[in-house]
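So the chains spell out like this:
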Amino acid sequence: MDVLLGEPWMLSPSVALRPEPFGALAYHFGNRKLTFLKRPELVAVVRALGEAADVRTALEAAGVPASQHPAYAAALRGLAATDMIRPRPVAAAEEVA
Amino acid sequence: MNPETDNQIQQGELAAEDLIEEVSIDGMCGVY
């Protein structure tokens, strides 16, 4: 299982999401990268990352079946490669809790 | 390049390429 699933991630602060019928467009204002998020579920996951305890929690909240978690994890790694999403620093208080 | 039609995916055959597609911003000229 991909270790990313157990990690806290977040949408990059430099990224804007524009809703589209197929999902969303993600635009990074820093590196000018543009990526189609081709499923509404993926958009929900990306939006939820910042508040979810980890990626798996965001996937489950978006209704993504466990059988598809590896594909979503791979897609999220693709988004991470262009800084669309990034690892979320864990606050000291959150680490202790 | 048509994300709408790309959404026709069989359950259980999902791949990362079905979920995201990086595009050239130059290729979007005239579209957005």
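Residues numbered from 1 in each chain as written. Chains lettered and ligands numbered in written order. Predicted model: local features only at pLDDT ≥ 70, side-chain atom pairs only at ≥ 80, totals over all residues.

Student: Tell me about the overall build of chain B, and please be specific about residues and values.
Tutor: Across its full length, chain B holds two helices and one strand. Counted from the first residue to the last, chain B has its helices and strands arranged as α-α-β. (Helix = DSSP H or I, 4+ residues; strand = E, 2+ residues; numbered from the N terminus.)

Student: Please set out the nonpolar core residue by residue, giving values where relevant.
Tutor: In terms of nonpolar packing, the biggest core is built from 26 residues, with L37(A), L42(A), V45(A), L49(A), Y72(A) and A75(A) touching the most fellow members. Of all the elements in the fold, those that place two or more residues in this core are β3 (23-28), β4 (34-37), α1 (40-48), α2 (55-61) and α3 (69-81) of chain A. In terms of residue count, α3(A) provides more of this core than any other element does, five residues in total. Every residue in contact with L37(A), bar those within four places of it in the chain, is listed here: G23(A), A24(A), A26(A), L42(A), V43(A), V46(A) and I20(B). (Core = buried A, V, L, I, M, F, W, Y, C linked by C-beta atoms within 7 Å. Buried ≥ 20, exposed ≤ 12 C-beta atoms within 10 Å, placed from the backbone. Contact = placed C-beta atoms within 7 Å.)

Student: Could you give me a rundown of α3(A), with the residues and numbers involved?
Tutor: Spanning 13 residues, α3(A) covers 18 Å between terminal C-alpha atoms, matching the ideal 18 Å at 1.5 Å per step. Three or more residues of α3(A) are buried, namely A71(A), Y72(A), A75(A), L76(A) and L79(A). One side of α3(A) carries all its buried residues, which in axial view fall inside an arc of 135°. Those residues of α3(A) hidden inside the fold are in contact with β4, α1, α2 and β5 (85-87) of chain A together with α2 (16-19) and β1 (20-23) of chain B. Residue D83(A) follows α3(A) closely and has a positive phi angle near 60°. (Expected span 1.5 Å × (residues − 1). Arc of directions from axis to C-beta.)

Student: Break down the interface of chain B and chain A for me, citing the residues and quoting the values.
Tutor: Counting residues at the interface gives 16 residues for chain B and 21 residues for chain A. Mapped by element, the contributors of at least two residues to the side of chain B that touches chain A are α1 (3-6), α2 and β1 of chain B. When residues in the side of chain B that touches chain A are grouped by element, the largest group, four residues, is from β1(B). Classifying every residue of the side of chain B that touches chain A gives nine nonpolar, two polar and five charged. With four bridges connecting them, β4(A) and β1(B) associate as antiparallel partners. (Nonpolar A, V, L, I, M, F, W, Y, C, P; charged D, E, K, R; others polar. Pairing = 2+ DSSP bridges.)

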